[in-house]
Amino acid sequence: MSSVQEFYIDNEADMVVFGERIGRSLRAQSAFQCVFLNGDLGAGKTTLSRGILRAFGHQGAVKSPTYTLVEIYEFADRRLYHFDLYRLGDPEELEYMGIRDYFTEGSVCLMEWPERGQGVLPKPNVLIDIKVEGAGRKVLITGLDDIKA
Ligand code: ADP
Ligand code: MG
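The present account deals with the structure reproduced in this document. Predicted model, so just to flag it, every value in this text is computed and none were measured.

### A word on the site of ligand 1
(1) Moving on: Lining the immediate surroundings of ligand 1 are 17 residues, of which Glu12, Gly42, Lys45, Thr46 and Thr47 lie closest.
(2) Moving on: Between ligand 1 and lysine 45, the relevant distance is 2.7 Å, taken from an oxygen atom to a side-chain nitrogen or oxygen of the residue.
(3) Moving on: Take threonine 47: an N or O atom from its side chain is 2.6 Å from an oxygen atom of ligand 1.
(4) Moving on: Protein chains bury 75% of the 570 Å² of accessible surface belonging to ligand 1 in isolation.
(5) Moving on: Sorting the residues of the shell around ligand 1 by element identifies α1 (12-27), α2 (45-56) and β7 (136-142) as the ones contributing at least two each.
(6) Moving on: Broken down by element, the residue count for the shell around ligand 1 peaks at 3 residues, all from α2.
(7) Moving on: Across the shell around ligand 1, the residue classes tally to 5 nonpolar, 6 polar and 6 charged.

### A look at the pairing of β7
(1) Moving on: Of the pairings in the sheet, the one linking strand β1 (residues 4-9) to β7 comprises 6 bridges and is antiparallel in character. The partner of phenylalanine 7 across the bridge, within β7, is valine 139.
(2) Moving on: Counted between consecutive antiparallel strands, the loop separating strand β6 (residues 126-133) from β7 contains 2 residues, among which glycine 134 sits at a positive phi close to 60°.

### Quick look at the coordination of the magnesium ion (ligand 2)
(1) Moving on: The magnesium ion (ligand 2) binds to the protein through Thr46 (OG1) and Glu112 (OE); the donor distances cover 2.1 to 2.3 Å. One end of the pair, threonine 46, is in helix α2; the other, glutamate 112, is in strand β5 (residues 107-112), and 66 residues separate them in sequence.

### So, the nonpolar core
(1) Moving on: In this structure, Ile22, Leu26, Ile128, Val139 and Ile141 are the most contacted members of the largest nonpolar core, which totals 26 residues.
(2) Moving on: Elements with a contribution of two residues or more to this core: β1, α1, β2 (33-38), α2, β5, β6 and β7.
(3) Moving on: Grouped together as the second largest cluster of nonpolar side chains are 18 residues, Phe32, Leu94, Ile99 and Tyr102 included.

### Brief notes about the packing of aromatic side chains
(1) Moving on: For the coordinates displayed, the defined rule picks out 7 aromatic pairs.
(2) Moving on: When the centroid spacing of 4.8 Å and the interplanar angle of 50° are considered together, the rings of phenylalanine 7 and phenylalanine 18 count as tilted. You can see phenylalanine 7 sitting in strand β1 and its partner phenylalanine 18 sitting in helix α1, a full 11 residues away along the chain. The burial state of phenylalanine 7 is the same as that of phenylalanine 18; both residues are buried.

### A look at the environment of glycine 136
(1) Moving on: Here glycine 136 is to be found in strand β7.
(2) Moving on: Those residues within four positions of glycine 136 in sequence are excluded, and the remaining contacts are Tyr8, Ile9, Asp10 and Lys131.

What counts, and at which threshold
Residues numbered from 1 in each chain as written. Chains lettered and ligands numbered in written order. Predicted model: local features only at pLDDT ≥ 70, side-chain atom pairs only at ≥ 80, totals over all residues. Heavy atoms only, no water. Near = heavy atom within 4 Å. Polar contact = N/O pair within 3.5 Å; in protein donor to acceptor, adjacent residues only side chain to side chain. Areas by Shrake-Rupley, 256 points an atom, 1.4 Å probe, with all protein chains shown as cover. Helix = DSSP H or I, 4+ residues; strand = E, 2+ residues; numbered from the N terminus. Nonpolar A, V, L, I, M, F, W, Y, C, P; charged D, E, K, R; others polar. Pairing = 2+ DSSP bridges. Donors = N, O, S within 2.8 Å, 3.2 Å for Na, K, Ca; no water. Core = buried A, V, L, I, M, F, W, Y, C linked by side-chain atoms within 4.5 Å. Buried < 20%, exposed > 50% of the residue type's maximum accessible area, 1.4 Å probe, protein only. Phe/Tyr/Trp six-rings, centres within 6.5 Å; stacked < 30°, edge-to-face > 60°. Contact = heavy atoms within 4.5 Å.

Pasting the structure below:
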């Protein structure tokens, strides 16, 4: 994997804008992509996901998939799966829901709490690590070389 890039994002609005930049970079690639979003509760994973989804053309609110495990967003050229595995009891449950069918060409998976799906999830193409720091967030990104302006 490529080197780690570090960013400091001051507030929620900037986090969404930053997510849009990441989303544009993801959109520029057509192959299947798996993005791991690591960070504690309240770190900003869903906020960043909202920005990523915006880059693909989703304008509305983003429901946190904490209870549904996954929310599906369909776009003209792409399908985006937003997972939150926080409440997953056992990674095997992912097998029962047929998760492997989601890992197909032309789709992008955003994974909150990927460690709860260990053994079943594919290797991430992009790793995003978010930490609370002061009033903002430190964001570390691995595997995305061309983060768009
Ligand atoms: P998570 O999905 O990691 O649990 P959320 O995206 O739901 O976290 O965000 C939790 C809180 O953090 C929200 O109140 C949001 O406004 C705030 N937040 C998100 N990004 C930032 C940021 N870069 N700086 C300050 N606050 C942020
Ligand atoms: Mg969340």
